[in-house]
Each structure stands twice: as structure tokens, then as C-alpha cells.
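Reading the structure
Here is what each chain is made of, one letter per residue.
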Amino acid sequence: MLEAHANVRPRTGFVAIIGRPNVGKSTLLNALVGERVSITSRKPQTTRQRMVGVLTRDATQFIFVDTPGFQQRHKSLLTKRMNEEVSAALADVDAIVLVIEAKGWTADDERLLKLIPSDRRNVVLAINKTDLLADRDALLPLLAESAQRFSFAALVPVSAERKRQLEELLQEIEALLPEGEPLFDPDQFTDRNVRFLAAEFIREKAFRLLGDELPYGIAVTIDQWQEDERRAEIAASLWVARESHKGIVIGKGGAKLREIGRLARGEIERLLGKPVHLQTHLRVKRGWTDDARALKGLGYE
Ligand SMILES: Nc1nc2c(ncn2[C@@H]2O[C@H](COP(=O)(O)OP(=O)(O)OP(=O)(O)O)[C@@H](O)[C@H]2O)c(=O)[nH]1
Ligand SMILES: [Mg+2]
């Protein structure tokens, strides 16, 4: 692909996608990259770690960095680590996409905006979920208000879910990227390995199938991975922070945990392109969301 544009100088750059929890950052990343790199759910705080999604087209390579939703309400050690991931993602990127919802600015959005140095000229505002607006005219005052808040390089209303205005967004970002040779193979769409993606798919199903509070206390590790050309054999653990949570995750007669496993297996099979046998175990690590050593052991450094 890159050869066809030999007369165009290649551009490559890192683009951080930031925003408060649940605005649609991961949905946007997946829509831009065209692959399911980052898990999503209707619950806030789904994403816990920085995640790279790569889009290579023509002579340009966009290296998007999805980040956890930035928030200061819940104060566990896990949340602190998640906020550190956001701050770290802001350093050394070539462009920043700040995502807000078309409903308008919230206090959490404002707090996050304050983390961005005011002299940055490489910040694009993506106003997401425009499909939920009854009246598109409502965007005009929001655009005016947003331009007053910060010198954004561009303001782009989008719908990540419906894949609307993504081309406009990509063009605005592309204009901010420096010249440079691609860092990833054009076929590669993430820096994460399949084991990590598989663990995340399991966590996603738990997020989606469990009630409102529980998912924040769930982590997933892969204990065994055996794969040959024809099939894969995977064993994973779901970790909960309290003994009393076990029953909820297992569900009546084991139905909940089975359903989580069944849905996750489907996604892992799509990812690997072969049949998967997935075993899930439920384990307790008391208070892991506030335990530095446990966080490290579960992959949240
Ligand atoms: N209607 C509508 N819903 C959207 C859109 N984009 C995302 N969503 C939904 O918003 C919810 C949150 O999406 P995520 O992509 O997980 O949000 P996030 O910002 O990554 O959330 P955290 O990782 O928790 O910070 C999901 O239910 C998405 O389906 C959109 O353009 N329109
Ligand atoms: Mg996310």
C-alpha cells in the first residue's frame, strides 16, 4: 500500500484519545481502526489500561492510544492507576482527541481539559453521540462554547457508533501528524498480544452481563494457553474482590459464568480464526482494587 504513494512523504504519529468515562472513546477507537481492539460497555470505567490501535492508510499511519476514562470521584488505587495512564498518554503524543458527548460539557470534561497545557495546538475536539441529538441545531451553540473553552485545532461532531463523520475527524488528525516512517506493519492493528485481547473480551462480557457495581471489582488473567494450527485450549480466571461476589458471578446453577464464557469464546474464536475451548475459573483476591501488589499481579502496573 505504501509503495503506491512513493511521491508522498509518509506521516506517522501517536494520537491520544481521552475523555471522561463512558463518552465513547473505545467505540471511537474501534470505529477508526476498523477492528475490535478495545472493549466497550455502557458502564463507565470499562477501559483500564492504555491500548494502541493502528490505522495505516495511504502514506499515513495513525497510532491511536485509547485511555481509561478520567474521573476523580472513585478513589481506589485502581482508579489512581487509571488516571496515571491518562496523564502518561498525554506526554509525547503528536495529537490529542478529546471526546465529549453532544449533550454538552460536564464538570468531569472540564477537569480533564484543565490537564491539557493551554498552549497545545494539536488538540481536536470530537463531539460524540450526535445520533442521540433530536435537533442538530443544538450543535451550533455547543461548537461556539467549545471554541471559547480552548483553542482546539478542530471541532468535529461524530457518531462513533454509527460511524458518522469519521473521515472528517481522520483528516483533521492527519493534518497534525509529523512526517515519519511507519512504526507498525500495515496489517497490524494493535500492540497487544492475543492473550491480552482474550482476557479483555472475557472482562467485557462480565461488564456487560453483571449488575451495576460488581464489574469494577473484576479482573481476568489467562492461566493456560495451548494452541496449534487447528484449535486453541485456554484457561482463564475471573478474580473478584470479595467472597460474597462469587455467587453473583456464577449465577443460578452456574448460568451467568457459563454465558460469560460462551460469549467470550465466540469473540476469541473470531480473533484467532479457529475453534477455542475456554475454561473459566472464579477466584477471590480480597480487596485487590486497593492492593498494590495484587494490582501488579493482575496486570495493572
Ligand atoms: N448512541 C451512541 N452511543 C455511543 C456512541 N459511541 C459510544 N456509545 C456508547 O457509549 C457507551 C460507552 O462506550 P465506550 O466506548 O465503552 O466508552 P469509553 O469512553 O471508552 O468508556 P470508558 O472506557 O469506561 O472510559 C457504550 O454503550 C457505547 O455503545 C455513539 O456515537 N452513539
Ligand atoms: Mg473505554
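Residues numbered from 1 in each chain as written. Chains lettered and ligands numbered in written order. Predicted model: local features only at pLDDT ≥ 70, side-chain atom pairs only at ≥ 80, totals over all residues. Heavy atoms only, no water.

**A short note on the domain arrangement of the protein**
What the domain assignment lists for the protein is domain 1 (2-174) and domain 2 (194-297). Each of domain 1 and domain 2 has a C-alpha centre, and the two are 28 Å apart. Counting residues at the interface gives 18 residues for domain 1, matched by 24 residues for domain 2. Carbon and sulfur atoms make up 52% of the surface buried where domain 1 meets domain 2, a total of about 1700 Å² over both sides. Applying the counting rule to domain 1 against domain 2 returns 2 salt bridges. The shortest N-O distance in the salt bridge between Glu 204 and Arg 36 comes to 2.5 Å. For the pair domain 1 and domain 2, the number of links is 13 residue pairs in polar contact (both at pLDDT 80 or more). If one sorts the elements of the side of domain 1 that touches domain 2 by residue count, helix 2 (residues 77-90) sits on top with 3 residues. Of the residues belonging to the side of domain 1 that touches domain 2, the class tally is 6 nonpolar, 7 polar and 5 charged. (Domains from an automatic or database assignment. Contact = heavy atoms within 4.5 Å. Buried area = accessible area lost by both parts, 1.4 Å probe. Salt bridge = Lys/Arg side-chain N within 4 Å of Asp/Glu carboxyl O. Polar contact = N/O pair within 3.5 Å; in protein donor to acceptor, adjacent residues only side chain to side chain. Helix = DSSP H or I, 4+ residues; strand = E, 2+ residues; numbered from the N terminus. Nonpolar A, V, L, I, M, F, W, Y, C, P; charged D, E, K, R; others polar.)

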